[in-house]
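Breakdown of the fold
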Amino acid sequence: MHTATRTRAPRAHDAQDSQNEAHRQNGAASPPDAVPIELTINGARHALRVEPWTSLLDLLREQLQLTGTKKGCDHGQCGACTVLVNGVRINACLALAAAHDGADVTTVEGLAQDGALHPVQQAFVDHDAFQCGYCTPGQICSAVGLLAEGHAHCRDEVREQMSGNLCRCGAYVNITNAVEAVRRAQRLAASEGDEP
Ligand code: FES
Ligand code: FES
């Protein structure tokens, strides 16, 4: 019987990971190629040293233990790693940490305030907008970014502008319900604020 063996092409990350691991095993605190950067992450300022090739995603997860941000594809195709940089949603797996020196980063861990869930987080709970939950941090950060952009004016536009965030469990209907509920509530609040 023929048994297929699945292989994958080596990636630049692999060589880098090996280099980093070798460096860790040598007991060095910071590799020689590391560069200093400062980031504000969830309101806290961090002075860091990162290798020039370190992605923002790996910095968050591996160096800062902020594992709420998930690694799905590591290729910019699933949205699981979505975070907000200076208020704009990006795929952290495609962002070099060193290129964002001085930036303000918000991850899912930074959305709740004073013990209260962010309205988008609360809407995901209220609308049962997850199953396994793996995509959820990215979905929530993406939704927060989408609502700040203000370009979605109906349910279909929410769906389209969230299309970069994949959900393997297929919870799309409830995810859209949750985001749409917050969008409508914000629009209602804004219209009431306009009243004399
Ligand atoms: S892990 Fe970044 S887009 Fe999939
Ligand atoms: S809830 Fe499982 S991948 Fe989205």
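Residues numbered from 1 in each chain as written. Chains lettered and ligands numbered in written order. Predicted model: local features only at pLDDT ≥ 70, side-chain atom pairs only at ≥ 80, totals over all residues.

Considered for burial, the residues of helix α2 (residues 56-63) that qualify are Leu 56, Leu 57, Asp 58, Leu 59 and Leu 60. Packing partners of the buried residues in α2 comprise β2 (44-50). Gln 65 lies just past α2 and shows a positive phi near 55 degrees. (Buried ≥ 20, exposed ≤ 12 C-beta atoms within 10 Å, placed from the backbone. Helix = DSSP H or I, 4+ residues; strand = E, 2+ residues; numbered from the N terminus. Contact = placed C-beta atoms within 7 Å.)

In this model, Asn 86 sits at a positive phi of 50 degrees, which is unusual for a non-glycine residue. If you trace the backbone, Asn 86 turns up in the loop between β3 (82-85) and β4 (88-91). The class of Asn 86 is exposed, set by 12 C-beta atoms lying within 10 Å. With phi around 50 degrees, Asp 114 is a residue other than glycine that occupies positive phi space.

Positionally, Val 50 belongs in strand β2. It is 6.8 Å that separates the C-alpha atoms of Val 50 and Ala 98, two residues lying 48 residues apart in sequence. When sequence neighbours within four positions are dropped, the list of residues in contact with Val 50 reads Ala 34, Val 35, Ile 37, Leu 59, Ala 97 and Ala 98.

Quick look at the confidence of the model for the chain now. Residue-level pLDDT values for the chain average 88, and 83% of them are 70 or greater. Low pLDDT (under 50) marks residues 1-20, which in the prediction has three contacts with non-local residues, meaning those over four places away or in another chain. (pLDDT = per-residue confidence, 0-100.)

With that out of the way, let us pick up the nonpolar core. Core analysis: the largest hydrophobic core is formed by 39 residues, its most contacted members being Ala 92 and Val 179. Broken down by element, this core gets its largest block of residues, five residues, from helix α4 (residues 136-149). If we ignore the near neighbours within four places in the chain, the residues touching Ala 92 are Ser 55, Leu 56, Leu 57, Leu 60, Thr 69, Cys 81 and Val 83. (Core = buried A, V, L, I, M, F, W, Y, C linked by C-beta atoms within 7 Å.)

The strand order across the open sheet formed by five strands is β2-β1-β5-β3-β4, and the pairing between neighbours is mixed. Each edge of the open sheet carries a strand with a single partner, namely β2 and β4. Direction aside, neighbouring strands of the sheet carry axes that sit 40 degrees apart on average. Strand direction decides the pairing type here: β3 and β4, joined by four bridges, are antiparallel. Each bridged residue has a counterpart across the sheet, and for Val 85 the counterpart in β4 is Val 88. α4 contacts β3 and β4 of the sheet and is inclined by roughly 35 degrees relative to β3. (Pairing = 2+ DSSP bridges. Axes fitted to C-alpha atoms, helices over the stretch in contact; angles between N-to-C directions.)

Across its 23 residues, helix α6 (residues 172-194) extends 33 Å between first and last C-alpha, which sits within 8% of the 33 Å expected from 1.5 Å per residue. Considered for burial, the residues of α6 that qualify are Ile 175, Ala 178, Val 179, Glu 180, Val 182 and Arg 183. The elements touched by buried residues of α6 are α3 (119-126), α4 and α5 (155-161). (Expected span 1.5 Å × (residues − 1).)

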